[in-house]
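# Summary of structural features
So you can see what is in the structure, the chains are spelled out below.
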Amino acid sequence: MDISTKVATSAVRTIIQKGVGFLRQKRIDDLLEKLEHGSIDIDDPKVTSENFISTLINTADALQKASGHKKINVLTQLFISGVQSDSVNSKVDEFHEILSSLASLSERELIVLANCGETLKYMHDGIDGRVVVQSSGELYDRISSSLGLSRETSIAVVSGLQRTGFIVPFNQPQQYPLYMLSQKYKDLVSYIHLSNELQ
């Protein structure tokens, strides 16, 4: 590698590092600003706790990787809600699991998850299988229509959400996979109403 190539590579690396650093700091500053506007005292001892700082760092990492404004809004609102409810200190593991699961989703998957929340039924003992069949069928039709996807693609995207634990399969022979909402999804909506944040 000649000297001009090394200089150019070094310059590009420096520009990228500064851009990443700027973006990271900007998103942390935006979070802190929203917290201050949300009647949260930045000097409160809870805000300086190890759990809070850990959650702030994890949220900032998730925001740094987020590419769409809707996803940024979801992650930001989740963090603010977690701080307001003190879940970042009192339910640390639950909050981090929800944050991590949402951070792993694409913006399209977040939209599909919001549709799941509006269409599927919560899992519970004795749930009527016919209700699960009906709600799953409605979900696939709704996603296909609203996102312009084939039914097969809609099924594939919903199936992919199983990895988050927000939906769980319902085991009953059927021509398409059946799903229900999990306790983890119920925990999520205790922080934010997903479809509102995706507006």
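Above this text sits the structure in question.
## Structural notes on the packing of aromatic side chains
What the rule picks out here adds up to four aromatic pairs. Ring geometry for Phe52 against Phe79: centres 5.7 Å apart, planes inclined by 50°, an arrangement best described as tilted. One end of the pair, Phe52, is in helix H2 (residues 50-65); the other, Phe79, is in helix H3 (residues 69-84), and 27 residues separate them in sequence. You can call Phe52 buried: its relative accessible area is 3%. Overall, the relative accessible area of 0% leaves Phe79 in the buried class. Summarising the aromatic geometry, the rings of Phe166 and Tyr185 are spaced 6.2 Å apart at their centres and angled 90° between planes, so their arrangement reads as edge-to-face.

## Here we look at the side chain of Ser81
Within the fold, Ser81 resides in helix H3. Leave out the neighbours within four places in its chain, and Ser81 touches Tyr191 and Ile192.

## Concerning the environment of Ile111
Checked against the element boundaries, Ile111 lands in helix H6 (residues 107-119). Exposure remark for Ile111: the relative accessible area of 22% places this residue in the partly exposed category. Filtering out sequence-adjacent residues up to four positions away, Ile111 remains in contact with Lys70, Leu147 and Leu198.

## As for the pattern of salt bridges
Enumeration over the complete set of coordinates arrives at four salt bridges. Note that Arg163 and Glu109 form a salt bridge whose closest N and O atoms lie 3.0 Å from each other. Of the two residues, Arg163 sits in the loop between helix H8 (151-160) and strand E1 (167-169) while Glu109 sits in helix H6, which places them 54 residues apart along the sequence. Linking Arg130 and Asp128 is a salt bridge whose minimum nitrogen-to-oxygen distance equals 2.8 Å. For Arg130, a relative accessible area of 64% translates into the label exposed. Looking at Asp128, the relative accessible area reads 32%, which means it is partly exposed.

So, how was this worked out
Residues numbered from 1 in each chain as written. Predicted model: local features only at pLDDT ≥ 70, side-chain atom pairs only at ≥ 80, totals over all residues. Heavy atoms only, no water. Phe/Tyr/Trp six-rings, centres within 6.5 Å; stacked < 30°, edge-to-face > 60°. Helix = DSSP H or I, 4+ residues; strand = E, 2+ residues; numbered from the N terminus. Buried < 20%, exposed > 50% of the residue type's maximum accessible area, 1.4 Å probe, protein only. Contact = heavy atoms within 4.5 Å. Salt bridge = Lys/Arg side-chain N within 4 Å of Asp/Glu carboxyl O.

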